[in-house]
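# Remarks on the overall topology
Given next are the chains, with one letter for each unit.
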Amino acid sequence: HVFALQSKGAFDVRWGRGSLSELIFNPWAKQLQRRNVTIRGGSRVNSIVEATENKVVVYIDGQEEPINCDAIILAIGATSCSRLVSASPFLSQLPATQNFDSLRGVTCVAVR
């Protein structure tokens, strides 16, 4: 593992004791579900299409009905993200996704 920190005192870096799922992701998922957020873990997204100005439609592999969404959170790696942007003209037009094809595989978890 390599860490590049701005300065020695800039961050309080600690190793988690236990799995990241138990410590971070499961509590976060429970909090989101209490707010009526639907989580579809393990679903392979084929494409994302703009439906209206504030809505998107998500097409999932093996599911006939697309999902209408107000917002989406993608928890995918760099390679999958690049492929999804390539398969979704709507996503590829967004300024934030312009350089996704040059992302490399790095995992980082930051919690405040």
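In short, a report on the structure. (Residues numbered from 1 in each chain as written. Predicted model: local features only at pLDDT ≥ 70, side-chain atom pairs only at ≥ 80, totals over all residues. Heavy atoms only, no water.)

Before going further, it helps to examine the overall build of the protein. In terms of helices and strands, the protein carries three helices and three strands. For the protein, buried positions account for 16% of its 112 residues. Pairs at least 24 apart in sequence give 27% of the contacts found in the protein among residues at least 6 apart. (Helix = DSSP H or I, 4+ residues; strand = E, 2+ residues; numbered from the N terminus. Buried < 20%, exposed > 50% of the residue type's maximum accessible area, 1.4 Å probe, protein only. Contact = heavy atoms within 4.5 Å.)

With that settled, consider helix H2 (residues 78-87). Residues Ala78, Cys81, Ser82, Leu84 and Val85 constitute the buried set of H2. Taken end-on, H2 shows its buried residues confined to a sector of 165 degrees, consistent with a single buried face. Exposed and facing more than 90 degrees away from the buried side of H2 are Arg83 and Ser86. As for H2, its buried residues are in contact with strand S1 (45-52) and helix H3 (89-92). (Arc of directions from axis to C-beta.)

Within the largest apolar cluster, nine residues are counted, these being Ile48, Val56, Val58, Ile60, Ile67, Cys69, Leu84, Val85 and Leu91. When contributions to this core are tallied by element, the ones reaching two or more residues are strand S2 (55-60), strand S3 (67-69) and H2. For this core, the leading source of residues is S2, giving three residues. Among residues more than four places away in sequence, those in contact with Ile60 are Arg40, Ser43, Arg44, Val45, Asn46 and Ile67. (Core = buried A, V, L, I, M, F, W, Y, C linked by side-chain atoms within 4.5 Å.)

Assignment of secondary structure puts Thr97 in the segment after H3. Overall, Thr97 belongs to the buried group, its relative accessible area being 9%. At 3.0 Å, the side chain of Thr97 and the backbone oxygen of Leu94 are in polar contact. Leaving out residues up to four positions away in the same chain, Thr97 has contacts with Val85, Leu91 and Ser92. (Polar contact = N/O pair within 3.5 Å; in protein donor to acceptor, adjacent residues only side chain to side chain.)

Here Ser82 is to be found in helix H2. If we ignore the near neighbours within four places in the chain, the residues touching Ser82 are Phe100 and Asp101.

Examined bridge by bridge, S1 and S2 share six bridges and lie antiparallel to one another. Note on S2: the bridge partner recorded for Val49 is Val57. Here S1 folds back onto S2 in antiparallel fashion, the turn holding two residues. (Pairing = 2+ DSSP bridges.)

Moving on, we get to helix H1 (residues 20-34). When the terminal C-alpha atoms of H1 are compared, their 20 Å separation across 15 residues agrees well with the 21 Å that a helix rising 1.5 Å per residue should span. Taken as a whole, H1 carries its principal kink of about 30 degrees at Asn26; the proline Pro27 stands between one and four residues after it. (Expected span 1.5 Å × (residues − 1). Bend = angle between axes of the 7 residues up to and from the residue.)

Attention shifts here to the pairing of S2. With three bridges connecting them, S2 and S3 associate as antiparallel partners. Across the sheet, residue Val57 finds its bridge partner in S3, namely Asn68.

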